[in-house]
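Survey of secondary and tertiary structure
Next come the chains, spelled out residue by residue.
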Amino acid sequence: MSEQNILSKTLSETNPNLFFNPVFQNYYLRLFYDVEFEKGMRGIEINQQKIFTGFYEKASICYSDEGSLVISYINCKKKIAKELEIVPKENESIAFTTRQVFPMDGLFYHMEDTQLLKDDKIYPVSYQYVGFDIHDIKDDEFLKDWVYQKGFASKMKDNGVMPKVEHAHGKNETIKNR
């Protein structure tokens, strides 16, 4: 990365040991290398959270006293969201959860993947993705945070909208609804 985006710059200044850790870089770069703010950006800091907002974009970095970290980015214009959650576990292991939201081939996907780093090895914990017909969501809804959040699929199902594609780690087949 020749020029750092705002999240990279903030993380490298706030916690260089974490930011330059090769394992963290693998997860971080996979999600946040292309973060941009199209029409200017404002930033604020509240307690242990740094929030950056643009016209169509919102990003945040949130630390906790227990050592967990959540980095998130939403771009309403592109209809994408990315999140990395790091949670220390027992026996010096660390859980990395990545969430991605994006439109592709007429579907609006929500994907989540959790892996555990223990004894310098990475173990898969869970994986799931859900894809809804993009036309089942009103265009103005893509400007609202709820569309990008973890509970999106449950909320859609509660309102009678079933996914077109749904898959979870541990199941042998992809479920396709008509």
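For the structure given in this document, a descriptive report is provided here.

**Thoughts on the overall build of the protein**
Tallying secondary structure elements over the protein gives 4 helices and 10 strands in all. When the helices and strands of the protein are placed in sequence order, the string is α-α-α-β-β-β-β-β-β-β-β-α-β-β. On C-alpha atoms alone, the protein measures out to a radius of gyration of 17 Å, which is about the 16 Å that the 2.2 N^0.38 rule sets for 178 residues. Expressed along its principal axes, the backbone C-alpha trace of the protein runs to roughly 50 × 40 × 30 Å. Here the protein holds 178 residues, and 40% of them are scored as buried. Charge-centre separation for the protein: the mean point of 23 positive side chains lies 4 Å from the mean point of 27 negative side chains.

**As for the environment of S72**
Examined against the element boundaries, S72 turns out to sit in strand β4 (residues 69–75). S72 sits 11 residues away from I61 along the chain, and the two C-alpha atoms are 6.7 Å apart. In this structure, S72 is in contact with F32, K58, A59, S60, K82 and E83, ignoring residues within four places of it in sequence.

**Brief notes about the packing of aromatic side chains**
Summed over all chains, the structure comprises 16 aromatic pairs. Look at W146 and F152: their rings are 5.5 Å apart centre to centre, the planes differ by 35°, and that puts the pair in the tilted class. The buried category is assigned to F152, whose relative accessible area is 1%. We note K79 situated over the ring of F142; from NZ or CZ to the ring centre the distance is 4.4 Å. A cation over an aromatic ring shows up here: K155 above the ring of W146, its NZ or CZ 4.6 Å from the ring centre.

**Some thoughts on the pattern of salt bridges**
Counted under the stated rule, the structure contains 10 salt bridges. Among the salt bridges present, the one from E45 reaches K50, with a minimum N-O distance of 3.1 Å. Linking R99 and E112 is a salt bridge whose minimum nitrogen-to-oxygen distance equals 3.0 Å. Here R99, found in strand β6 (residues 94–104), pairs with E112, found in strand β7 (residues 107–118); they are 13 residues apart in sequence, far enough to count as distant. With respect to class, R99 is no different from E112; both count as buried.

**Observations concerning the environment of S12**
By the secondary structure assignment, S12 is in helix α1 (residues 6–14). What makes S12 buried here is its relative accessible area of 13%. In this structure, the C-alpha to C-alpha distance between S12 and K164, residues 152 residues apart in sequence, is 40 Å. For S12, the residues in contact, after removing those within four places along its chain, are Q4, F19 and F20. A distance of 3.1 Å separates a polar atom in the side chain of S12 from the backbone oxygen of K9.

**With respect to the nonpolar core**
If you look at the biggest cluster of nonpolar residues, it comprises 27 residues, and the most contacted ones within it are L7, F24, F32, I71 and L84. Of the residues forming this core, the biggest block, 5 residues, is contributed by helix α3 (residues 22–32). Every residue in contact with L84, bar those within four places of it in the chain, is listed here: F24, Y27, Y28, L31, F32, L69, V70, I71, F96, T97 and T98. Judged by nonpolar contacts, the second largest core, of 16 residues, contains C76, V147, A153 and V161.

**Overview of unusual backbone geometry**
A positive phi is found at N47, a non-glycine position, where the angle reads about 50°. Within the fold, N47 resides in the loop between β1 (42–46) and β2 (49–53). Backbone geometry places N91, a non-glycine residue, at a positive phi of 55°. Within the secondary structure layout, N91 lies in the loop between β5 (80–88) and β6.

Cut-offs and rules
- Residues numbered from 1 in each chain as written.
- Predicted model: local features only at pLDDT ≥ 70, side-chain atom pairs only at ≥ 80, totals over all residues.
- Heavy atoms only, no water.
- Helix = DSSP H or I, 4+ residues; strand = E, 2+ residues; numbered from the N terminus.
- Rg over C-alpha atoms; globule rule 2.2 N^0.38 Å.
- Buried < 20%, exposed > 50% of the residue type's maximum accessible area, 1.4 Å probe, protein only.
- Lys, Arg positive; Asp, Glu negative; His and termini not counted.
- Charge placed at Lys NZ, Arg CZ, Asp CG, Glu CD.
- Contact = heavy atoms within 4.5 Å.
- Phe/Tyr/Trp six-rings, centres within 6.5 Å; stacked < 30°, edge-to-face > 60°.
- Lys NZ or Arg CZ within 6 Å of the ring centre and 35° of its normal.
- Salt bridge = Lys/Arg side-chain N within 4 Å of Asp/Glu carboxyl O.
- Polar contact = N/O pair within 3.5 Å; in protein donor to acceptor, adjacent residues only side chain to side chain.
- Core = buried A, V, L, I, M, F, W, Y, C linked by side-chain atoms within 4.5 Å.

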